[in-house]
Amino acid sequence: MIRLIGVLIILIGFYKKYNPIAVVLVAGITTGLVSGIEIVTILDILGKTFVTNRYMSIFLLTLPVIGILERYGLKERSVMLIKSMKSATTGRVIIIYTFFREMASVFGLRLGGHVQFVRPLVYPMAYGAAEKNYQSVSEDADEKIKGISAAAENYGNFYGQNVFPASGGVLLVVGTLAALEIEVIPMEVAIAAIPVAVIAFIYTVVQSVMFDGKLNQTLQKNKIEKGA
Amino acid sequence: MQSTLLEIMYILAGLVGISAAVHALRDKNHPHPKETAAFWGIFGITFIFGKYIPGYVTGILILIMGVLAAINRVKDGGMKTADEDQREASALKIGNKIFIPAMTIGVIAFAVGQFIPALGALVGLGLGALLSTIIAMVMTKTETKNISFEGSRLLLSLGTAAILPQLLAALGALFNAAGVGEVIASGIGGVIPQGNILAGVIAYCLGMAIFTMIMGNAFAAFAVITTGIGMPFVYAYGANPTVVGILALTAGYCGTLMTPMAANFNIVPAALLDTKNSNRVIIAQAPLAVAMLLTHIVLMYTLGF
């Protein structure tokens, strides 16, 4: 039981909003120590895993170009583009992106990402749609648009990916069950993932439509008169 | 070839860190230039020389970064991009062409990952970023110094959240070495009534979601929870393993949507979009995640048996 102390530290740390890096380090080192792992070995595991996982931070390479494009009006241009589309709403931008993201992931295409698409394209368009429909977008509404824009990427990615028979998730299920002497076939596992993919998309549509409704409620008074 | 190219990408990523350190030092409006520079400088060093530094030394360097972050001295400074009028004017002048470099990042990453498997999607992402930078430079005719200026500005505004995914992977490795998963699986397994299929299904789905929230990764949870809970309480009662297996995994994904431990999906994107609340993405996802988790229990109970 004492080994769960790291989990407890994580829960308290994140709940109390302590610096997450400090929380994670304290949790990891404490767990290692109470489980009888030498401190040098703990530091070694920490350092080696950190270095082998550098691939998670390759996205840093995209920061300069995103910054430059923002400097030269990427967000402003997205707003202009979306304003030229008459029926665009924030919720519809979210639905369309989730649909394409999920279809890409169903076909095993790694086309998407928060860095690649959400920050430079999806969020500016979702925000632009709100700016088009309401004269001013409150800070609170902007914050929520950011949240749902990032969420769309995760929904499409997570619930679509296992419909692709060679996806990591399907292979993990096949491999883990095989180790427990249960045989399943990748193609059939992928087909079994279809209901979840469909339902997740339906829920996304519902959430997006409700999101538009909320914007209408909170920002309604500012709505630009049609034809004015 | 792939590992050499990847190592070059890591060096370039490290240079973004070093450049953030230099800009923090030069920033006259920065509240803690030295500590912030130390943080990003060390980060850059682990990227550039990580392959050659012994693991425990990197471990010590990470601890130093942890202390700098814990005492709250790693801060965004006063770096400003062009003001709104200039951005508007430039958006009008460049027009929709500005989307070409923005699309290039994702499209090249995808094309390389898909059609040149020898290089892979990671090298593809790096190549996409480099090519996109070149196109943007030509298109905007911006000064070269803006490459490092804008990269540093964004990294400083991302803040310490940027290194969280790597740290959490390291935490996962430590939890594994300590056998945390087995303790949890046996704990949940101890409270499930024998012979009740619905209770087993609920425990399997919730167990996946909860352990995923702790580990930040459903893949890490799957083997542990399937062995500890799935086998004795679900599969043993004649469940269809094809259906139940994949549902258990995606039940775990519902947990991924709700945990700060999945930093690369939830915390980094929030930082990337500069939200006020670092848990903004999780808050947006929680209602859908809970609805999906309940749906998983229903689907597993009805379709799985």
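A. Broad picture of the environment of A:S136. Relative to the elements of secondary structure, A:S136 occurs in the loop between α7 (114-133) and α8 (139-161). Sequence-wise, A:S136 and A:P120 are 16 residues apart; in three dimensions their C-alpha atoms are separated by 21 Å.

B. Region of the structure containing the pattern of salt bridges. This model, assessed by the stated rule, comprises 14 salt bridges over all chains. Notably, a salt bridge pairs A:K144 with A:D140, separated by 3.2 Å at the nearest N-O pair. Of this pair, A:K144 and A:D140 both sit in helix α8, four residues apart, which is roughly one turn of the helix. Judged by its relative accessible area of 38%, A:K144 falls in the partly exposed class. A:E143 is paired through a salt bridge with B:R280; the nearest N and O atoms lie 3.1 Å apart. Of this pair, A:E143 sits in helix α8 while B:R280 sits in helix α14 (residues 280-303), each in a different chain. There is no split in this pair, since A:E143 and B:R280 are both buried. A cluster of three or more residues bridged by salt bridges with shared partners is formed by A:E70, A:R71, A:R119, B:E150 and B:R153.

C. Structural detail: the layout of surface pockets. Estimates place the volume of the second largest pocket at around 980 Å³. Forming the walls of the second largest pocket are 34 residues, and the residues nearest its centre are A:E70, A:K75, A:R119, B:R87 and B:D274. For the lining of the second largest pocket, the residue count by class is 11 nonpolar, five polar and 18 charged.

D. Local environment of the packing of helix α1 (residues 5-15) of chain A against helix α2 (residues 20-34) of chain A. All names here are of chain A. Viewed as axis vectors pointing N to C, α1 and α2 meet at an angle of 165°, and their least axial separation amounts to 8 Å. The angle between α1 and α2 places the two elements in the roughly antiparallel class. In terms of crossing hand, the pair formed by α1 and α2 is right-handed. Along the contact surface, α1 presents I5, G6, I9, I10, G13 and F14, while α2 presents P20, V23, V24, V26, A27, T30, T31 and V34.

E. Region of the structure containing the interface of chain A and chain B. Chain A puts 108 residues into the contact, and the matching count from chain B is 130 residues. For the pair chain A and chain B, the summed buried surface comes to about 10800 Å²; carbon and sulfur atoms form 77% of the total. The largest share of the area that chain A buries against chain B comes from A:F50, A:R54 and A:R71, three residues that together contribute 8% of it. Across the chain A-chain B interface, the total number found is six salt bridges. In this structure, B:E150 engages A:R71 in a salt bridge whose closest nitrogen and oxygen atoms are separated by 2.6 Å. Residues that form the side of chain A that touches chain B fall into these classes: 66 nonpolar, 26 polar and 16 charged.

F. Structural context of the domain arrangement of chain B. Here chain B is partitioned into domain 1 (1-160) and domain 2 (179-303). Placing a centre on the C-alpha atoms of domain 1 of chain B and another on those of domain 2 of chain B gives a separation of 34 Å.

G. Quick look at the nonpolar core. In terms of nonpolar packing, the biggest core is built from 178 residues, with A:Y159, B:F39, B:W40, B:L155 and B:Y204 touching the most fellow members. Broken down by element, this core gets its largest block of residues, 11 residues, from α7(A). In this structure B:Y204 touches B:F222, B:I225, B:T226, B:I229, B:G230, B:V234, B:Y235, B:V244, B:A248 and B:M300, once residues within four positions along its chain are discounted.

H. Inspection of the domain arrangement of chain A at higher detail. We note that the domain assignment places domain 1 (2-52) and domain 2 (59-222) within chain A. The C-alpha-based centres of domain 1 of chain A and domain 2 of chain A are spaced at 32 Å.

I. Just the side chain of B:T259, in detail. Tracing the backbone shows B:T259 in the loop between α12 (241-256) and α13 (263-272). Apart from the residues within four sequence positions on either side, B:T259 is in contact with B:T212, B:M213, B:G216, B:N266 and B:I282.

J. Summary view of the side chain of B:T36. All names here are of chain B. Looking at the element boundaries, T36 is found in helix α2 (residues 33-48). With relative accessibility at 0%, the residue T36 sits in the buried group. In this structure, T36 is in contact with A24, H30, R73, V74, K75 and L156, ignoring residues within four places of it in sequence.

K. The packing of aromatic side chains, seen in detail. Residue and element names in this part refer to chain B. Across all of its chains, the model carries 10 aromatic pairs over all chains by this definition. On the numbers, 6.3 Å between centres and 80° between planes, the contact of Y10 with F47 is edge-to-face. With Y10 in helix α1 (residues 2-26) and F47 in helix α2, this residue pair connects regions lying 37 residues apart in the sequence. The burial state of Y10 is the same as that of F47; both residues are buried. On the basis of an interplanar angle of 45° and a centroid distance of 4.7 Å, the ring pair of F43 and F47 is categorised as tilted.

L. Local environment of the packing of α1(B) against helix α7 (residues 145-158) of chain B. Residues and elements named next belong to chain B. Between α1 and α7, whose axes approach to 8 Å, the crossing angle comes to 85°. With respect to their mutual orientation, α1 and α7 come out roughly perpendicular. Of the residues in α7, those touching α1 at V16, G17, S19, A20, H23 and A24 are S148, F149, G151, S152, L155 and L156. Residue classes in the contact of α1 with α7 are distributed as six nonpolar, six polar and no charged.

M. The arrangement of unusual backbone geometry in detail. Residues and elements named next belong to chain B. Even without being a glycine, K141 presents a positive backbone phi close to 55°. Along the chain, K141 turns up in the loop between α6 (120-140) and α7. Even without being glycine, D274 reaches a positive phi, approximately 60°. Topologically, D274 is positioned in the loop between α13 and α14. For D274, a relative accessible area of 48% gives the class partly exposed.

N. Representation of α13(B) within the structure. All names here are of chain B. Of all 10 residues in α13, eight are buried; the element is thus mostly enclosed. Turning to α13, its buried residues are A263, N266, I267, V268, P269, A270, A271 and L272. Just beyond α13, the residue with positive phi is D274, at close to 60°.

Conventions we followed
Residues numbered from 1 in each chain as written. Chains lettered and ligands numbered in written order. Predicted model: local features only at pLDDT ≥ 70, side-chain atom pairs only at ≥ 80, totals over all residues. Heavy atoms only, no water. Helix = DSSP H or I, 4+ residues; strand = E, 2+ residues; numbered from the N terminus. Salt bridge = Lys/Arg side-chain N within 4 Å of Asp/Glu carboxyl O. Buried < 20%, exposed > 50% of the residue type's maximum accessible area, 1.4 Å probe, protein only. 1 Å grid on protein atoms, 1.4 Å probe; cavity = no way out; pocket = protein on both sides within 12 Å on 5 of 7 lines; lining within 4 Å. Points joined across faces, edges and corners; volume = space filled by probe spheres on them. Nonpolar A, V, L, I, M, F, W, Y, C, P; charged D, E, K, R; others polar. Axes fitted to C-alpha atoms, helices over the stretch in contact; angles between N-to-C directions. Parallel < 35°, antiparallel > 145°, perpendicular 65-115°, else oblique. Left-handed = near helix turned anticlockwise from the far one by under 90°. Contact = heavy atoms within 4.5 Å. Buried area = accessible area lost by both parts, 1.4 Å probe. Domains from an automatic or database assignment. Core = buried A, V, L, I, M, F, W, Y, C linked by side-chain atoms within 4.5 Å. Phe/Tyr/Trp six-rings, centres within 6.5 Å; stacked < 30°, edge-to-face > 60°.

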